[in-house]
Amino acid sequence: TTLFRSIVTHLNGPLYSIPWDPSRYESTGESIHSITVTAVNNAKQQRSIHQSFSFDGTVCNRHTMGSFILLSRLPLVLQSAYYLLHCGSIALFLLLPWWYIKRFTSNEEINRWKIRETSLLYTYCNACQHRLALSDSLLWAFFRMYRLGCIELVLRRDLFNALLISGVYLLVGPWFIGEFIVGEYGAFFLWGFWLFDGRFLITLETYFYSFFIFLRFWLPQVLYCILPVSNVCVPSTDVKQCEHCAKGSGQPSWQILSRIESIVFATIISMSTRSSILVRGTLLCVFVFNLRFIASMMHNYGLAVGFISPGFSWLLALQMWTVWQSYRFDAKVAPAEIAKKS
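Conventions adopted
- Residues numbered from 1 in each chain as written.
- Predicted model: local features only at pLDDT ≥ 70, side-chain atom pairs only at ≥ 80, totals over all residues.
- Heavy atoms only, no water.
- Helix = DSSP H or I, 4+ residues; strand = E, 2+ residues; numbered from the N terminus.
- Buried < 20%, exposed > 50% of the residue type's maximum accessible area, 1.4 Å probe, protein only.
- Contact = heavy atoms within 4.5 Å.
- Salt bridge = Lys/Arg side-chain N within 4 Å of Asp/Glu carboxyl O.

Draft legend 1. Expanded view of the side chain of Gln319. Position of Gln319 relative to the elements: it lies in helix H9 (residues 313-332). Taking the relative accessible area as the measure of exposure, Gln319 reaches 2% and is therefore buried. In contact with Gln319, other than residues within four places in its own chain, are Arg216, Phe217, Pro220, Gln221, Val286, Phe287 and Asn290.

Draft legend 2. Spatial organisation of the environment of Gly173. Inspection of the secondary structure puts Gly173 in the loop between helix H5 (157-172) and strand S7 (176-181). A residue is classified by how much of its surface remains accessible, and Gly173, at 7% relative accessible area, is buried. For Gly173 and Leu190, which are 17 residues apart along the polypeptide, the C-alpha to C-alpha distance reads 8.0 Å. Once residues lying within four places of it in the same chain are set aside, the contact partners of Gly173 are Phe188 and Phe189.

Draft legend 3. Quick look at the pattern of salt bridges. Evaluated as defined, the whole model comprises three salt bridges. Put simply, Lys114 and Glu152 hold a salt bridge, and the shortest N to O gap is 2.9 Å. Of the two residues, Lys114 sits in helix H3 (residues 107-119) while Glu152 sits in helix H4 (residues 138-155), which places them 38 residues apart along the sequence. Arg199 is the partner of Glu184 in a salt bridge, and the nearest nitrogen-oxygen pair spans 3.7 Å. One end of the pair, Glu184, is in strand S8 (residues 184-189); the other, Arg199, is in the loop between strand S9 (192-195) and strand S10 (200-201), and 15 residues separate them in sequence. What emerges from the salt-bridge pattern is a single network uniting Glu184, Asp197 and Arg199.

Put into structure tokens, the structure is as follows:
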């Protein structure tokens, strides 16, 4: 074993450098070499880090996390994760419900389906009243709520088209125009920066921004639209009994919920409507955070971000328009009509 020692040179801040000559290791006759870095502070406390390396491709023993970072194709993983989130959300909340509704031939048939789905959601036992019961499992009940909300969104063509176009645009179009380098303006795309002088910069930073923007600008307004209107998910008025009260009677029964399940389900029903305080408070916080984010982006990339920004300010305007359209729609739905449909 041949030892080479050297003292590091302080460059700037926490950055240090050590001179070394790779040709020294060629004459040692060893395939795997090791470097040890020892740091000593003013209190004489020290810590050493060991790292193996080779010049001929010999596999070295590395730390698990270090091996993952060095050997994994992190840009490809991040890009795949983002495209899966973006395209999956569009398909799950917009395209699949749009495809599902094609099976109906008329609006009357759609309305009958909605009434049936709502009436099958949950009820209270006709015999013991205070017990909450479901026609299916608790998971299937939440799936019914999701399906009803998505179908309602598809039927509102103005919102559906706006959300679909904006979601697809974010995959192909520029998100904003700004000053990325001093005196150099360009456009921000999902896959990189395009400067107006013809240069194109591919960087991983755009995907970090994209995750952040998608989760705070596009996805919240979609989730808001598929939430049920206040009092839409009312209990069924049909005469039904829970599985305990109907035992031995030969009558169809609904699955009774335990006390904890009843509390969880009733809480979600009451807090997940668009008129609940929780939803409105969360939406207000999202608006405030997005405004602060746009202000910080204008500070970093110039004032153009606040105006020529389909991915920021235009999406924020779309959020406000979406909430306004939903509010107008909710105001037209009379509680008496909802109870009648249920």
